[in-house]
Amino acid sequence: MSEKFFFDIQFFAQEKTEPATPKRRQKERSQGRTATSKDLNAAVEIIAALLLVNALAIIMWNRLALLFRIIFAHLSSPQMRGDAWWARPSLFAAETYGIVWLPIGLSCMAVGVAILVYQVGWVITFKPFAIKFDRFNPINGLKKIVSLRSLVELFKGIIKALILFGMLYIALRNESDLMLSIMMYPLDKGAEIIMRTVWNLAMRMAIVLLIIAIVDYAYQKWEFEKSIRMSKHDIKEEFKQMEGDPLIKRRIRQKQRELAMKRMMADVPKSDVVVTNPTHIAVAIRYDQQSMSAPIVVAKGEDFIAQKIRDIAAEHDIPIVENPPLARALMQKVEVGETIPEELYLSVAEVLAFVYKLKKSA
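Definitions and cut-offs
Residues numbered from 1 in each chain as written. Predicted model: local features only at pLDDT ≥ 70, side-chain atom pairs only at ≥ 80, totals over all residues. Heavy atoms only, no water. 1 Å grid on protein atoms, 1.4 Å probe; cavity = no way out; pocket = protein on both sides within 12 Å on 5 of 7 lines; lining within 4 Å. Points joined across faces, edges and corners; volume = space filled by probe spheres on them. Helix = DSSP H or I, 4+ residues; strand = E, 2+ residues; numbered from the N terminus. Nonpolar A, V, L, I, M, F, W, Y, C, P; charged D, E, K, R; others polar. Expected span 1.5 Å × (residues − 1). Buried < 20%, exposed > 50% of the residue type's maximum accessible area, 1.4 Å probe, protein only. Polar contact = N/O pair within 3.5 Å; in protein donor to acceptor, adjacent residues only side chain to side chain. Contact = heavy atoms within 4.5 Å. Lys, Arg positive; Asp, Glu negative; His and termini not counted. Salt bridge = Lys/Arg side-chain N within 4 Å of Asp/Glu carboxyl O. Pairing = 2+ DSSP bridges. Axes fitted to C-alpha atoms, helices over the stretch in contact; angles between N-to-C directions. Phe/Tyr/Trp six-rings, centres within 6.5 Å; stacked < 30°, edge-to-face > 60°.

Draft legend 1. Focus on the layout of surface pockets. Taken as a whole, the second largest pocket encloses approximately 420 Å³ of empty space. Looking at the second largest pocket, it is lined by 16 residues, and the ones nearest its centre are Asn54, Ala57, Glu192, Met195 and Arg196. Counting only elements with at least two residues in the lining of the second largest pocket, the list comes to helix H3 (38-55), helix H4 (57-75) and helix H9 (187-227). Among the residues forming the lining of the second largest pocket, the class breakdown is ten nonpolar, three polar and three charged.

So this is what it looks like as structure tokens:
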């Protein structure tokens, strides 16, 4: 006896193989979920700080030297025995910080904000700070610890540490002779050599960090895109939500047509004449010399609707005139509620004149 297998086609529709729609992306952004790399921010900020320190090195050196001279000179002054002995050194230290370090800090902060905006755009949301009790669930926390993302972050941290440690080891080995000979140089020359060596090493390490950060950002973006993929069923449901359920829309359009039909049929008794084709088309025309500049079509239709218009016209003693060319022209060129075009003035005027003549003779 052969076995029968049944496959649910919807199972394949649930596979998340489609890129996220703009609406899904906007929803994720509103919840604070975007593709970001903290390493990229840190690497760019470090490079910016190193470049600023290098540009302001002379100013920093002069200000710091002056600060230490003032402090050491102040140590032997009689003011050291007073209650406000700390005032002048503290004031000058604060001034030095404002001149040297504050611009560097503000510049790094501006660079960090610029890089963050570049990655995620302008997104202001407080949803990530909302209290979620499932965060206190130790099982969920354990899942995050052993997740693929945590393993990738661990591997990335180990790789960065090994690379930076290797660079530091190579630099110290290559510059060991220079470092040992610094004692033979004057203080200012030795300090300059040390600063230049440290700056070069720091800049090389920062560039390596930047390369790692760019790779990390590409990975974070790929992982984010993968996490927000949608299935064909999801896209279909989203489309229904945006455009409305087709069944509901069809019912709404049907209801609108019914209401429009009722209003149109209610205007048939107000018409002056109904022009027919003779059975397939019926067009009701109304003309009031006091309020209208030209006759208007108050109702029109084909087949069943045309028959309905003729029945209502007959019930209310509205004249019915057979004029197939005029009926077809009005059906094609004039919508309900519109005035007739100029090229049909003469034909309609003849029909109205005929109707008015009938009414007078009746």
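Draft legend 2. Highlighting H3. Along its 18 residues, H3 runs 26 Å from first to last C-alpha, staying within 8% of the 26 Å computed at 1.5 Å per residue. Of the residues making up H3, those classed as buried are Asp39, Leu40, Asn41, Ala43, Val44, Ile47, Ala48, Ala49 and Leu50.

Draft legend 3. Expanded view of the side chain of aspartate 39. Tracing the backbone through its elements, the reader meets aspartate 39 in helix H3. When its relative accessible area of 17% is taken as the criterion, aspartate 39 is described as buried. There is a polar contact of 3.1 Å between the side chain of aspartate 39 and the side chain of lysine 160. Not counting residues within four places of it along the chain, the set of residues in contact with aspartate 39 comprises Lys156, Lys160, Ala213 and Asp216.

Draft legend 4. Expanded view of the side chain of arginine 310. In this structure, arginine 310 sits in helix H12 (residues 304-315). With no salt bridge to any partner, buried arginine 310 finds its closest opposite charge in aspartate 311, at an N-O distance of 5.9 Å.

Draft legend 5. Representation of the sheet that holds strand S3 (residues 296-302) within the structure. Taken together, four strands build an open sheet; the order of strands is S3-S2-S1-S4 and the sheet is mixed. In the strand order of this sheet, the two ends are held by S3 and strand S4 (320-322), each with one partner. Strand-to-strand twist across the sheet, computed as the mean angle between neighbouring axes with direction ignored, equals 20 degrees. Sheet analysis places strand S1 (residues 273-276) next to strand S2 (residues 281-286), joined by four bridges and oriented antiparallel. Looking across to S2, one finds that threonine 276 is bridged to alanine 282. Against the sheet, helix H13 (residues 324-333) makes contact with S1, S2, S3 and S4, and its axis sits at roughly 80 degrees relative to S2, the strand it touches most.

Draft legend 6. Main features of unusual backbone geometry. With a phi angle near 55 degrees, aspartate 303 is a residue other than glycine that sits in the positive phi range. By the element assignment, aspartate 303 lies in the loop between S3 and H12. Backbone geometry at aspartate 317 places phi at a positive 60 degrees, although glycine is not the residue there. With respect to the element layout, aspartate 317 can be found in the loop between H12 and S4.

Draft legend 7. Up close: the packing of aromatic side chains. As enumerated under the stated definition, the model contains one aromatic pair in all. With a centroid separation of 6.0 Å and an interplanar angle of 35 degrees, the aromatic rings of tyrosine 219 and tryptophan 222 are classed as tilted. Taken together, the residues span about one helical turn, with tyrosine 219 and tryptophan 222 both in helix H9 at a distance of three residues.

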